[in-house]
Structures are given as structure tokens and as C-alpha cells.
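Here's the letter readout for the chains.
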Amino acid sequence: MLRAPDGSPAGRAERMTALHADHARAVLRLLHLLTRDQRQTAEDLLQETMLRAWRHLDSVPAEPDAARRWLFTVARRLVIDGVRLRRGRPEVPLVDMTWIPAGDDTTGSALASHAIRHALGRLSPAQRSLLSDVYLVGRSPEEVAGRLGVPIGTVKSRTHHALRALRTGIEAA
């Protein structure tokens, strides 16, 4: 994995290919650990890590162990930046309403849609997020518990209470 002496585009591509072949699996394993096995997030962060390596290829050490440490540092910093970004601007998950039948233009359908939207709006952000994760995204309670760092029983209890609050909100509307 030596640097191309002339810095030609072919030499840079060859070096980047070697970097990826030698270190991508290890970086991806690290990212899986840091993201608590969120596969898509880990893969996105790996892609961003390799993109930064390409942009700063002259800064990546030629020695394989040093290059791996450089890539690990970039990947770890990307994870930290993502956590800081979410803390600074908490995301309010948008609820996918496409599952509500849209082809039916009846008044009953419009009222049902309004009642569901109103009831979802009255839930706390944590309840909306939990219901979205379990019912819309399709994550298992075990996955949600691992992601939140709470026991599975807590997730089941919170899901039960969130559903009950949603039902009450729909009935009130």
C-alpha cells in the first residue's frame, strides 16, 4: 500500500482501492460497535470515512497499522459528530401516514385520518418515536430496548401505555 510516486489519478485510485480492501471490514466492525449494530448507519459512516480518506489521501499514512488507526479515528469522530448533532437538534420523527387508505374520499375516511393525526400529535415525542420504531419501522422490542439501553420489559410497558394513549386520543377525537 505504497503511495504512487507521481500522484497520478491511477496511482491514487490504486492506493484507495488497497486502503478499502485492507481496512474496510475492520472499520465497519468498529462502526457496528459504536452505533449499537445499526447496520445502515454503520455502512453510511463507513462510506463517509472512505470518502474522507479519498479527499485527504496524502494525509493517510503509508504504513498499514498507522493507516488503520487514521481510519478508525475518522470513523470514531464521525460517530461523535452524529451524536452531537442529534443532541443539538433533536429529531421529531415524522409519522408515515401512507398506510391510511387514500383512495377513499369519504367523509368517514377523512375524519378517521384527522382523528389519528390529532391523537398522534398529542402523544409525547418519546411515545411517537417508540410507536414509530415498533409499528412503522418494524423493529422488534428487543432491538428498541438495545437501542435505548433499557430492559425489554420497559419497552413493552412503554409501548402498551403509548398505544393506550393513542386509542384514548382517537376516541376523544
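Before reading further, recall that the structure is shown in the block above.
Note that this is a predicted model, so its numbers are computed, not measured.

S.K.: Describe unusual backbone geometry, and please don't skip the residues or the numbers.
M.R.: Not every positive phi belongs to a glycine, and arginine 36 is a case in point at roughly 55°. Counting through the fold element by element, arginine 36 comes out in the loop between helix H1 (9–34) and helix H2 (39–55). Residue arginine 36 is classed as exposed on the basis of its relative accessible area, which comes to 54%. Here aspartate 37, not a glycine, exhibits a phi torsion of approximately 60°, which is positive. For aspartate 37, the location among the structural elements is in the loop between H1 and H2. Residue aspartate 37 is classed as exposed on the basis of its relative accessible area, which comes to 59%.

S.K.: Break down the packing of aromatic side chains for me, citing the residues and quoting the values.
M.R.: Evaluated as defined, the whole model comprises zero aromatic pairs. The ring centre of tryptophan 54 lies 5.2 Å from the NZ or CZ of arginine 12, which sits over that ring.

Thresholds applied
Residues numbered from 1 in each chain as written. Predicted model: local features only at pLDDT ≥ 70, side-chain atom pairs only at ≥ 80, totals over all residues. Heavy atoms only, no water. Helix = DSSP H or I, 4+ residues; strand = E, 2+ residues; numbered from the N terminus. Buried < 20%, exposed > 50% of the residue type's maximum accessible area, 1.4 Å probe, protein only. Phe/Tyr/Trp six-rings, centres within 6.5 Å; stacked < 30°, edge-to-face > 60°. Lys NZ or Arg CZ within 6 Å of the ring centre and 35° of its normal.

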